[in-house]
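# Working through the structure, step by step
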Amino acid sequence: MKEAIELSINNVKSGKGGPFGAVVVKDGKIIARGANSVTSSNDPTAHAEVNAIREACKVLNTFQLDDCEIYTSCEPCPMCLGAIYWARPSKVYYANTKVDAAEINFDDDFIYKEIAKPLNERNLQFIQMSREEALVAFKEWTNKNDKIEY
């Protein structure tokens, strides 16, 4: 956790992004580090946890972080939480809470509330189209014998 917190502090000092850091650990050893680089990379998905997950997957040459642990300087936002679940680590440790983050204007609560709403009640309009054409890819996937499941 000390390393994740140091990454968050150094990230603020460097001006590369928000006050967030994360590390991925396997077998007691740090295999990847990530800091928030949203503003410096012009990438809204470049959160510390996502950056650390991407790096860890490269290091391990896999798309899942089995038997890994993630240490993050703050409770993950909804996007990072989703990425973490997809990465499938065994545990997540965090320092600051989402309430702490909201107190410095990183308020993800509205996203949590939006996710819980039916599509037609969300602030961002969601419009379904071309479903039949898109189902072709799902049928191809279903019938593919050599696919890599995840």
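From a predicted model like this one, the values you see are computed outputs, not experimental measurements.

### As for the layout of surface pockets
A water-sized probe, rolled over the atoms, reveals where empty space remains. Quantified by volume, the largest pocket comes out at close to 250 Å³. The class makeup of the residues in the lining of the largest pocket is 8 nonpolar, 5 polar and 3 charged.

### Brief notes about the sheet that holds strand β2 (residues 29-35)
Spatially, β2-β1-β3-β4 is the arrangement adopted by the 4 strands of the open sheet, whose pairing is mixed. Two strands lie at the open edges of the sheet, namely β2 and β4 (91-96), each paired on one side alone. For this sheet the average axis-to-axis angle between neighbouring strands, irrespective of direction, equals 15 degrees. The pairing of strand β1 (residues 21-26) with strand β3 (residues 68-74) spans 5 bridges and is classified as antiparallel. Directly across from Lys26, in β3, lies its bridge partner Cys68. Each of β1, β2, β3 and β4 is contacted by helix α1 (residues 2-14), which is oriented at about 150 degrees to β1, the strand it contacts most.

### Some points on the pattern of salt bridges
Summed over the entire model, instances satisfying the criterion amount to 5 salt bridges. Among the salt bridges present, the one from Lys117 reaches Glu114, with a minimum N-O distance of 3.0 Å. Taking relative accessible area as the criterion, Glu114 reaches 13% and is therefore assigned buried.

### Here's the deal with the packing of aromatic side chains
One pass over the full model with this rule turns up 5 aromatic pairs. Their ring planes at 75 degrees and their centres at 6.0 Å tell us that Phe63 and Tyr150 sit as a pair that is edge-to-face. Of this pair, Phe63 sits in the loop between α3 (48-60) and β3 while Tyr150 sits in the segment after α7 (131-143), placing them 87 residues apart in sequence. Owing to a relative accessible area of 43%, Phe63 belongs among the partly exposed residues under this scheme. Through a chain of ring-to-ring contacts, the aromatic side chains of Phe63, Trp86, Trp141 and Tyr150 assemble into a single cluster. The ring of Tyr112 is capped by Lys98, whose NZ or CZ atom sits 4.3 Å from the centre of that ring. Sitting above the plane of the Phe126 ring, Arg122 keeps its charged end 5.3 Å from the centroid.

### Focus: the pairing of β2
Two faces belong to every sheet, and in a regular strand the side chains alternate between them. When β1 meets β2, the two strands line up antiparallel, connected through 6 bridges. Of the residues in β2, the one forming a bridge with Lys26 is Lys29. Following β1, the chain reverses through 2 residues before pairing antiparallel with β2; Asp27 in that reversal takes a positive phi of roughly 55 degrees.

The rules behind each value
- Residues numbered from 1 in each chain as written.
- Predicted model: local features only at pLDDT ≥ 70, side-chain atom pairs only at ≥ 80, totals over all residues.
- Heavy atoms only, no water.
- 1 Å grid on protein atoms, 1.4 Å probe; cavity = no way out; pocket = protein on both sides within 12 Å on 5 of 7 lines; lining within 4 Å.
- Points joined across faces, edges and corners; volume = space filled by probe spheres on them.
- Nonpolar A, V, L, I, M, F, W, Y, C, P; charged D, E, K, R; others polar.
- Pairing = 2+ DSSP bridges.
- Helix = DSSP H or I, 4+ residues; strand = E, 2+ residues; numbered from the N terminus.
- Axes fitted to C-alpha atoms, helices over the stretch in contact; angles between N-to-C directions.
- Contact = heavy atoms within 4.5 Å.
- Salt bridge = Lys/Arg side-chain N within 4 Å of Asp/Glu carboxyl O.
- Buried < 20%, exposed > 50% of the residue type's maximum accessible area, 1.4 Å probe, protein only.
- Phe/Tyr/Trp six-rings, centres within 6.5 Å; stacked < 30°, edge-to-face > 60°.
- Lys NZ or Arg CZ within 6 Å of the ring centre and 35° of its normal.

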